[in-house]
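Structural description and commentary
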Amino acid sequence: MFTYVLFIGLISVLLFTSSTGSIIDPATLSNKEILSILWNGFSENFGLSLFLILGFSLFVIFVHSFFTAGAIGMAKKASETGDTGIFDMLVSSSKNTFRLFLAVLLTTLLLLVGVIFIVPGAFAVGDLSMLIQNPEASVKGVMALGIGFILWTAYIVILNLALSLSSYAIVIDELGPLEALSESFRFFTNNKLDVFLIWIITIGLATIGGLVNEFVNSGNTLFTLITSLIPIVILQPLTAVLWTRLYMARKGRKLYDPSDLLSYPDNF
């Protein structure tokens, strides 16, 4: 969250700084004026804006990889022994962050390959001014573009399902990026129903959390903060544990039996 605030601040200074060097207050401008300033600021500082966006994106992916590797490492240790701690997160992060970072970049590139589905429709639509001059041809182009977006969405969903265990393969089996993607695909083909059910559960929990935050929002700052923390404090750790236990169970790894805690509570 801190990095997002920092990035928004940098972009705001870049786009809302006038030629005299003074800062323009967006609150004093109309929506049309704001859009005009945003476009002019972006076009005049295209190189710098592109560099900041790319650099920020890579930095966020790296930070996300660090904490994801740590979370999976903690879930792995907890699944094996029934206990874990911050030290396990740091050890796992230090060993796996860079490999996980590379795997995320590879996955992103594979997702972007799906843009080929919308290329025919984009060429068919052509110049948007043709919508007025030749509506019939443009309608066919828009239909082709719509079908392309549907196919791209389906491609993204299927690829996300097939590669959803790549991060866990990297941390749990200590594989390289390409090996992890291959192992994730192999795991998915052998456990389609299990992967799909947990994927649906995680998507459902995230959706429910968002709806609760949207409709139960009372305007109370403390309540809003609590509901905003639910995905971070509860849903994300739960998701990491679910995927970790599924991967370890299907790979035949030894798992901690929670009933041991009930049998020998003093040993916990």
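Summary of the structure given here. Treat the numbers as computed from the prediction; the structure is a model and nothing was measured.

The rules behind these values
Residues numbered from 1 in each chain as written. Predicted model: local features only at pLDDT ≥ 70, side-chain atom pairs only at ≥ 80, totals over all residues. Heavy atoms only, no water. Patch = residues over 30% accessible without salt bridge, like charges linked within 9 Å, V, L, I, M, F, W, Y side chains within 5 Å. Areas by Shrake-Rupley, 256 points an atom, 1.4 Å probe, with all protein chains shown as cover. Salt bridge = Lys/Arg side-chain N within 4 Å of Asp/Glu carboxyl O. Helix = DSSP H or I, 4+ residues; strand = E, 2+ residues; numbered from the N terminus. Core = buried A, V, L, I, M, F, W, Y, C linked by side-chain atoms within 4.5 Å. Buried < 20%, exposed > 50% of the residue type's maximum accessible area, 1.4 Å probe, protein only. Contact = heavy atoms within 4.5 Å. Polar contact = N/O pair within 3.5 Å; in protein donor to acceptor, adjacent residues only side chain to side chain.

Let us look at a nonpolar patch on the surface. There is a patch of nonpolar side chains on the surface, built from Leu-110, Val-113, Val-115, Ile-116, Phe-117, Val-119, Phe-123, Ile-147 and Leu-151 and spanning about 780 Å² of accessible area. Secondary structure elements with two or more residues in the nonpolar patch: helix 4 (86–113), helix 5 (119–125) and helix 7 (135–162). Mapped onto the fold, Ile-147 is located in helix 7.

What follows covers the nonpolar core. Core analysis: the largest hydrophobic core is formed by 23 residues, its most contacted members being Leu-165, Tyr-168, Val-195, Trp-243 and Tyr-247. For this core, the secondary structure elements donating two or more residues are helix 3 (46–81), helix 4, helix 7, helix 8 (166–172), helix 9 (177–190), helix 10 (192–215) and helix 11 (221–250). For Leu-165, the residues in contact, after removing those within four places along its chain, are Ser-184, Phe-187, Val-195, Trp-243 and Tyr-247.

Right, let's talk about the pattern of salt bridges for a bit. One pass over the full model with this rule turns up eight salt bridges. Residue Glu-80 is joined to Lys-76 by a salt bridge in which the shortest nitrogen-to-oxygen separation is 3.2 Å. Taken together, the positions of Glu-80 and Lys-76, both in helix 3 and four residues apart, correspond to about one turn of that helix. The partly exposed category is assigned to Glu-80, whose relative accessible area is 28%. Lys-251 serves as the salt-bridge partner of Asp-173, at 3.7 Å between the closest nitrogen and oxygen. Within this pair, whereas Asp-173 is found in the loop between helix 8 and helix 9, its partner Lys-251 is found in the loop between helix 11 and helix 12 (259–263), the two being separated by 78 residues in sequence. The class of Asp-173 is partly exposed, set by a relative accessible area of 22%. By relative accessible area, which is 33% here, Lys-251 ends up partly exposed. Each of Asp-173, Glu-183, Arg-186, Lys-251 and Arg-253 takes part in salt bridges that share partners, so that together they form one network.

Here we take up the side chain of Glu-183. Summarising the element assignment, Glu-183 is placed in helix 9. Separated by 2.3 Å, the side chains of Glu-183 and Arg-186 make a polar contact. Discounting chain neighbours no more than four positions away, the residues touching Glu-183 are Ala-169, Leu-175, Tyr-247 and Lys-251.

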